[in-house]
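What the coordinates show
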Amino acid sequence: MHTINVNTATRESDEQFKTDKYLRYAVTDGDERLDFIPALFFTPSAENMVASWLRQHSDYDGGFWSYWIIPQGVGGNITPGRIQFITTQTGYIAPEGEQRYRMHIPGNYFEGEVSADAAGIIATLMIMNWLSWQVADMGPEYARVCKHLVSRQDALKDYLSIIHHPERHLIWRAID
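Residues numbered from 1 in each chain as written. Predicted model: local features only at pLDDT ≥ 70, side-chain atom pairs only at ≥ 80, totals over all residues. Heavy atoms only, no water.

1. Some remarks on the nonpolar core
Selection criterion: Working definition of a nonpolar core: buried Ala, Val, Leu, Ile, Met, Phe, Trp, Tyr and Cys residues. They are joined through side-chain atoms within 4.5 Å. Whether a residue is buried, partly exposed or exposed follows from its accessible area with a 1.4 Å probe, protein chains only, as a fraction of its type maximum: under 20%, in between, or over 50%, in that order. Throughout, a residue-residue contact means that at least one pair of heavy atoms, one from each residue, lies within 4.5 Å.
Ranked by size, the top nonpolar core spans 51 residues in total, and within it F41, W53, M103 and I122 carry the most contacts. With residues near it in sequence (within four places) discarded, F41 still touches A46, V50, T124, I127, M128, L131, L149 and R152.

2. Details of the pairing of strand β5 (residues 90–95)
Selection criterion: Under the scheme used here, helices are H or I runs from DSSP no shorter than 4 residues and strands are E runs no shorter than 2 residues, and both carry numbers assigned from the N terminus. The pairing criterion is simple: DSSP has to find at least two bridges between the two strands.
Across the 6 residues of β5, 6 count as buried, placing the element largely inside the fold. Residues T90, Y92 and A94 point to one face of β5 and G91, I93 and P95 to the other, with burial holding for every one of them. For strand β2 (residues 65–70) and β5, the ladder comprises 6 bridges, and the chain directions are antiparallel. Residue pairing in the sheet places Y67 in a bridge with I93 of β5.

3. Considering the sheet that holds β5
So the rule is basically this: Note on geometry: axes are lines fitted to C-alpha atoms, helical ones only across the stretch in contact, with angles between N-to-C directions running from 0 to 180 degrees.
With antiparallel pairing, 3 strands are arranged side by side in an open sheet as β1-β2-β5. Across the chains shown, the open sheet's two edge strands, defined by having one partner strand only, are β1 (25–26) and β5. Contacting β2 and β5, helix α4 (residues 143–162) crosses the sheet at an angle of about 70 degrees to β5.

4. Description of helix α1 (residues 30–41)
For α1, every residue scored as buried is listed here: E32, R33, F36, I37, A39, L40 and F41. Residues of α1 that are buried make contact with α2 (46–57), β2, β5, α3 (116–136) and α4. F42 sits one or two positions beyond α1 and adopts a positive phi of about 65 degrees.

5. Concerning α2
Stated precisely, the cut-off is as follows: For a helix, the expected span equals 1.5 Å multiplied by the residue count minus one.
For α2, built from 12 residues, the straight-helix expectation of 16 Å at 1.5 Å per residue is met to within 8% by its first-to-last C-alpha distance of 16 Å. Of the positions making up α2, those classed as buried are A46, M49, V50, A51, W53, L54 and H57. Each element contacted by the buried residues of α2 is listed here: α1, β2, β5, β6 (100–105) and α3.

6. What about the packing of α2 against α3?
Worth spelling out the cut-off: In a left-handed crossing the near helix is turned counterclockwise from the far helix by less than a right angle, and in a right-handed crossing that turn is clockwise. Classes in brief: Ala, Val, Leu, Ile, Met, Phe, Trp, Tyr, Cys and Pro nonpolar; Asp, Glu, Lys and Arg charged; the others, Gly included, polar.
Between α2 and α3, the shortest axis-to-axis distance is 9 Å and the interhelical angle comes to 115 degrees. Relative to α3, α2 is oriented so that their crossing is right-handed. In this structure, α2 contributes M49, V50, W53 and L54 to the contact, and α3 contributes A119, I122, A123, T124, M126, I127, W130 and L131. Among the residues making up the contact of α2 with α3, the classes are represented as 11 nonpolar, 1 polar and no charged.

Okay, here's the thing in structure tokens:
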């Protein structure tokens, strides 16, 4: 499995590389940001694809993106008496800031307002899904890449339940 490597030894402070309340790591180092997109999506053009998708389906009009790693092993109670752990490292990108976006996805009849974080998760999942179908059509030699993309989608969806993301129900509706 291809993992996203993050070098913590070069950090000025250990404080910069701690998980936040959502058990994710921010990718802030310039070199790590360059490696993040192709490592997560298997293509260096994925950030443009995610931003373009978000422009087409919301009132997003550009800006800086936050990159988030969700490490393998994150776990928690998803329902009373049921604990789940992420078995595949995953991640997502989201527009930076506290703004909200009005989203409209005609293919599944979704309309709603979501945070920048939720909009990024939705757009990331949509592009991962699209890429997995594109790669699947490329032939059996790309089956491993397709499998990894699907595993990362599934891990990101599981993550929403594990952390009890406050907008998980909107996200589920948007990607349904």
